[in-house]
Amino acid sequence: MITISDLSLNFSGEPLFKDVNLKFTQGNCYGVIGANGAGKSTFLRILSGDLDPSTGTVSIAPKTRMSVLKQDHFAFNEETVLNTVLGGNERLLEVMHEKDALYMKDPFTEEDGNRAAELESEFAEMGGWDAETEAAKLMQGLGLDSNDMYNTMSTLNQTEKVKVLLARALFGQPDMILLDEPTNGLDAKAITWLEDFLIEYEGTVIVVSHDRYFLNKVCTQIADIDYGKIQLYAGNYDFWFE
């Protein structure tokens with residue numbers, strides 16, 4: 001699903017990692033580990049396209065939808081909780097907004113009707129009619145009150161915002177999920193729910209975490225960043241440790 005070829009990243013002339021050649025395949029959960037400052041979060045930023053490497057390429061299979069856990073807890077303060085979660089599938093939210101704007105038009109022309117029909121078809125294909133139900137299930141699983149769905153994000157406390165952003169990353173059955181420290185700020189019940197979700201998830205997960213128990217539960221492979229290299233090991237954290 002992701003092929004990394006001859007990747008390197010330099011900071012101030014010093015290599016953070018170099019000559020990285022890896023493949024991340026569907027159905028696996030990869031735990032990214034390494035010492036503080038080794039470049040774990042930076043590596044995820046390169047995979048998400050948020051940061052360009054110094055050399056090399058990151059090739060992602062066509063039509064792959066990648067979802068990334070956002071760490072900015074204030075980015076969606078003016079949005080409703082529901083729209084924040086639905087935004088995990090950006091195209092779905094775009095279609096919803098365009099549909100709503102069309103149906104508000106007066107007069108509503110034949111051209112508008114044709115466009116609305118196209119949008120309705122795309123909306124249905126993306127599972128749009130079940131989107132609100134899915135969002136509610138994710139929120140409930142993480143211990144949030146689904147009655148807050150129509151409130152703005154600014155009304156939530158920090159812990160609740162963390163959970164909504166995680167729900168956003170998990171929403172809409174993406175092909176690939178990138179998670180940077182997803183258990184931070186979660187209670188034990190929410191962590192257990194997340195573990196079960198990721199174990200059942202059929203796509204590709206790449207997760208940075210310091211929680212060894214969590215890595216043991218969910219990971220099928222470990223990507224170890226050490227001495228400027230990234231090496232894959234089959235198995236969970238304990239297998240890598242041994």
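Given the structure is predicted, the values throughout are model-derived calculations rather than measurements.

Here we look at the sheet that holds strand 3 (residues 29–34)
Spatially, 6 strands are ordered 5-6-7-3-8-9 in an open sheet, and the strand pairing comes out mixed. The strands lining the two open edges of the sheet, one partner per strand, are strand 5 (66–68) and strand 9 (229–234). Here the average twist between neighbouring strands, direction ignored, is 20°. For strand 3 and strand 7 (residues 204–208), the ladder comprises 4 bridges, and the chain directions are parallel. Bridge pairing in strand 7 links Val32 to Val208. Along the sheet face, helix 6 (residues 158–170) touches strand 5 and strand 6 (176–180) and points at about 155° away from the line of strand 6.

Brief notes about the pattern of salt bridges
Applying the stated criterion across every chain, the model contains 9 salt bridges. Of the charged contacts in the structure, one is a salt bridge between Arg91 and Glu94, with a shortest N-O distance of 3.2 Å. Taken together, the residues span about one helical turn, with Arg91 and Glu94 both in helix 3 (residues 90–103) at a distance of 3 residues. What you see here is one network of salt bridges that share partners, running through Arg91, Glu94 and Glu122.

Details of the sheet that holds strand 4 (residues 55–60)
Pairing in this open sheet of 3 strands is antiparallel, and the strands run 2-1-4 from one edge to the other. In this open sheet, the two edge strands, each paired with only one partner strand, are strand 2 (14–24) and strand 4. Within the sheet, the average angular offset between the axes of one strand and its neighbour, ignoring direction, is 20°. Of the strands in this sheet, strand 1 (2–11), strand 2 and strand 4 are in contact with helix 1 (residues 40–48), which crosses strand 1 at around 125°.

A closer look at the environment of Phe241
Within the fold, Phe241 resides in helix 9 (residues 237–241). Residues Phe241 and Ile222 lie 19 residues apart in sequence; the distance between their C-alpha atoms is 9.9 Å.

Some points on the state of the cysteines
Tallying each qualifying case throughout the model produces 0 disulfides. Cysteine Cys29 is unpaired, with the sulfur of Cys219 as its nearest cysteine sulfur at 4.0 Å. For Cys29, a relative accessible area of 4% gives the class buried.

Thresholds applied
Residues numbered from 1 in each chain as written. Predicted model: local features only at pLDDT ≥ 70, side-chain atom pairs only at ≥ 80, totals over all residues. Heavy atoms only, no water. Pairing = 2+ DSSP bridges. Helix = DSSP H or I, 4+ residues; strand = E, 2+ residues; numbered from the N terminus. Axes fitted to C-alpha atoms, helices over the stretch in contact; angles between N-to-C directions. Contact = heavy atoms within 4.5 Å. Salt bridge = Lys/Arg side-chain N within 4 Å of Asp/Glu carboxyl O. Disulfide = S-S within 2.5 Å. Buried < 20%, exposed > 50% of the residue type's maximum accessible area, 1.4 Å probe, protein only.

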